[in-house]
Amino acid sequence: MIQQYLEAGTIVTTHGVHGEVKILPWADGPEFLTLFDRVFLQGKEYAVENARVQKTCVLMKLRGVDTVEAAQALRDQVVRVDRNDVELEEGTYFISDLIGLKVLCDDEELGVVKEIMTLPGNDVYVVKGEHEYMIPGVKEFIKEVDPAAGFIRVKIIEGMRTDAD
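In this convention, every chain numbers its residues from 1, walking through the sequence in written order. Reporting in this predicted model follows two pLDDT cut-offs: at least 70 for local features of residues, and 80 or more for side-chain atom pairs to be given and counted; totals over whole chains, interfaces and linings ignore these cut-offs and use all residues. No hydrogens and no water enter the side-chain calculation; it runs on all heavy atoms of the structure.

Colleague: Looking at this structure, how should I read the layout of surface pockets?
Modeller: A probe matching the size of a water molecule, rolled over the atoms, marks out where space remains unfilled. Taken as a whole, the largest pocket spans an internal volume of roughly 1100 Å³. Lining the largest pocket are 31 residues, with Asp-28, Tyr-93, Phe-94, Ile-95 and Asp-123 positioned closest to its centre. Of all elements in the fold, only strand S1 (5-15), helix H2 (95-98), strand S8 (108-118), strand S9 (123-128) and strand S11 (142-146) reach the threshold of two or more residues within the lining of the largest pocket. Labels follow the DSSP assignment, with helices taken as runs of H or I lasting at least four residues and strands as runs of E lasting at least two, numbered in each case from the N terminus. The biggest single contributor to the lining of the largest pocket is S11, with 4 residues. By the convention adopted, Pro, Cys, Tyr, Trp, Phe, Met, Ile, Leu, Val and Ala count as nonpolar, Lys, Arg, Asp and Glu as charged, and the other residues, Gly among them, as polar. Residues that form the lining of the largest pocket fall into these classes: 16 nonpolar, 7 polar and 8 charged. Grid spacing is 1 Å over the protein atoms alone, the probe is 1.4 Å, and a cavity is where that probe fits but cannot get out, while a pocket is an open set with protein on both sides within 12 Å along at least five of seven lines and lining residues have an atom within 4 Å of a point. Grid points are joined across faces, edges and corners, and a volume is the space filled by probe spheres set on the points.

Colleague: Any chance you could explain the environment of Val-39 here in plain terms?
Modeller: Inspection of the secondary structure puts Val-39 in strand S3 (residues 38-41). Per-residue accessibility, obtained with a 1.4 Å probe over protein chains only, is compared with the maximum for each type, and a residue is labelled buried under 20%, exposed over 50%, and partly exposed between these values. For Val-39, a relative accessible area of 1% puts it in the buried group. Residues Val-39 and Asp-146 lie 107 residues apart in sequence; the distance between their C-alpha atoms is 27 Å. We call two residues in contact whenever any of their non-hydrogen atoms come within 4.5 Å of each other. Apart from the residues within four sequence positions on either side, Val-39 is in contact with Lys-44, Glu-45, Tyr-46, Val-48, Met-60, Leu-62, Val-79, Arg-80 and Val-81.

Colleague: Teacher, can you tell me more about the sheet that holds strand S7 (residues 102-105) here?
Modeller: The strands making up a sheet are joined through hydrogen bonds of the backbone, oriented either antiparallel or parallel. Strands are treated as partners if at least two bridges between them are detected by DSSP. As summarised here, the arrangement of the 6 strands in space is S10-S9-S8-S7-S12-S11, forming an open sheet in which the pairing is mixed. Only two strands of the sheet have a single partner each, and these edge strands are strand S10 (132-136) and S11. Each neighbouring strand pair of the sheet contributes to a mean axis angle of 30°, computed without reference to strand direction. Bridge analysis of S11 against strand S12 (residues 151-154) gives 4 bridges, and the strand direction is antiparallel. Within S12, the position partnered with Asp-146 by the bridge is Phe-151. For helices, the fitted axis covers only the stretch in contact; all axes are lines through C-alpha atoms, and the angles between them, taken along N-to-C directions, range from 0 to 180 degrees.

Colleague: Please explain the pairing of strand S4 (residues 44-54) as it appears in this structure.
Modeller: Within a regular strand, side chains alternate between the sheet's two faces. Pairing analysis gives 4 bridges linking S3 to S4, with the strands arranged antiparallel. Pairing of Leu-41 across the sheet is with Lys-44, part of S4. Counted between consecutive antiparallel strands, the loop separating S3 from S4 contains 2 residues, among which Gln-42 sits at a positive phi close to 50°. Both S4 and strand S5 (residues 57-62) contribute to a ladder of 6 bridges, which runs antiparallel. Across the sheet, Val-53 pairs through a bridge with Val-58, a residue of S5. Remark: 2 residues form the turn of the hairpin made by S4 and S5, two consecutive strands paired antiparallel; Lys-55 in that turn has positive phi of roughly 55°.

Colleague: Even after reading the chapter, I still don't get the packing of aromatic side chains, so can you show me in this structure?
Modeller: Aromatic ring pairs are reported here in terms of the distance separating the ring centres and the angle at which the planes meet. Stacked, edge-to-face and tilted labels apply to pairs of Phe, Tyr and Trp rings (six-membered ring for Trp) whose centres lie within 6.5 Å, assigned for plane angles under 30 degrees, over 60, and everything in between, in that order. Considering all chains together, one arrives at 2 aromatic pairs under this definition. Between Phe-32 and Phe-36 the ring centres are 5.2 Å apart and the planes differ by 70°, which places this aromatic pair in the edge-to-face class. Given a relative accessible area of 5%, Phe-36 falls into the buried group.

Colleague: Explain the pairing of S12 to me, please; I cannot follow it from the model alone.
Modeller: Bridge count between S7 and S12: 3 bridges; the pairing is parallel. Each residue of the ladder has a partner; that of Lys-102, found in S12, is Phe-151. Connecting S11 to the antiparallel partner S12 that follows it, the hairpin turn spans 4 residues, and Gly-150 within it adopts a positive phi of roughly 85°.

Colleague: How do you make sense of the environment of Ile-2 when you look at a structure like this?
Modeller: Among the secondary structure elements, Ile-2 is positioned in the segment before S1. Residue Ile-2 is classed as exposed on the basis of its relative accessible area, which comes to 52%. Ile-2 sits 38 residues away from Phe-40 along the chain, and the two C-alpha atoms are 17 Å apart. Non-local contacts of Ile-2, meaning those with residues more than four positions away in its chain, are made with Arg-83 and Asp-97.

Colleague: Whenever I open this one, the sheet that holds S4 confuses me. Can you help?
Modeller: Taken in spatial order, the 6 strands line up as S1-S2-S5-S4-S3-S6 and close into a barrel, and their pairing is antiparallel. Neighbour-to-neighbour, the strand axes of the sheet open up by a mean angle of 45°, direction not taken into account. Pairing of strand S2 (residues 20-25) with S5, which is carried by 3 bridges, proceeds in the antiparallel orientation. Bridging from a neighbouring strand, Val-21 pairs with Met-60 of S5.

Don't take any of this as a statement about function, it's just geometry.
Following this line, the structure appears as structure tokens:
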């Protein structure tokens with residue numbers, strides 16, 4: 001199911017004395033979160049006054065959060081972004097839109113995407129059905145992705161089935 005608000009990270013702590021929060025992003029890189037003018041915490045919209053990368057995290061100043069105490073109250077909250085605020089490159093998708101899609105190989109249904117592991121070399125699609133498969137997220141094996149139609153078409157080779165005898 002396509003969600004309007006996408007989970008993008010979590011607030012792990014505060015930073016400084018003026019109410020900044022430190023966010024551990026769940027995207028490909030922390031730079032992604034610096035592109036937004038607004039974020040959502042527990043359904044409430046916050047304007048972003050400033051955002052910058054610090055190592056693997058993002059330091060963000062939210063309008064109306066002006067003290068360490070106010071920032072501390074937001075700790076452990078999930079940061080969400082509105083999908084309408086994001087322009088994806090062609091051929092890229094939100095992981096949340098891929099989870100649960102049927103996976104087809106030569107018109108045989110292998111199962112559904114249960115997880116996508118984000119690894120340094122490439123993503124790996126974990127597919128569970130009658131058997132379990134781990135399919136590298138590269139063009140050689142991911143042939144077609146159509147979230148609107150509810151499927152992913154793949155090519156599998158020996159070794160991708162992880163529960164083989």
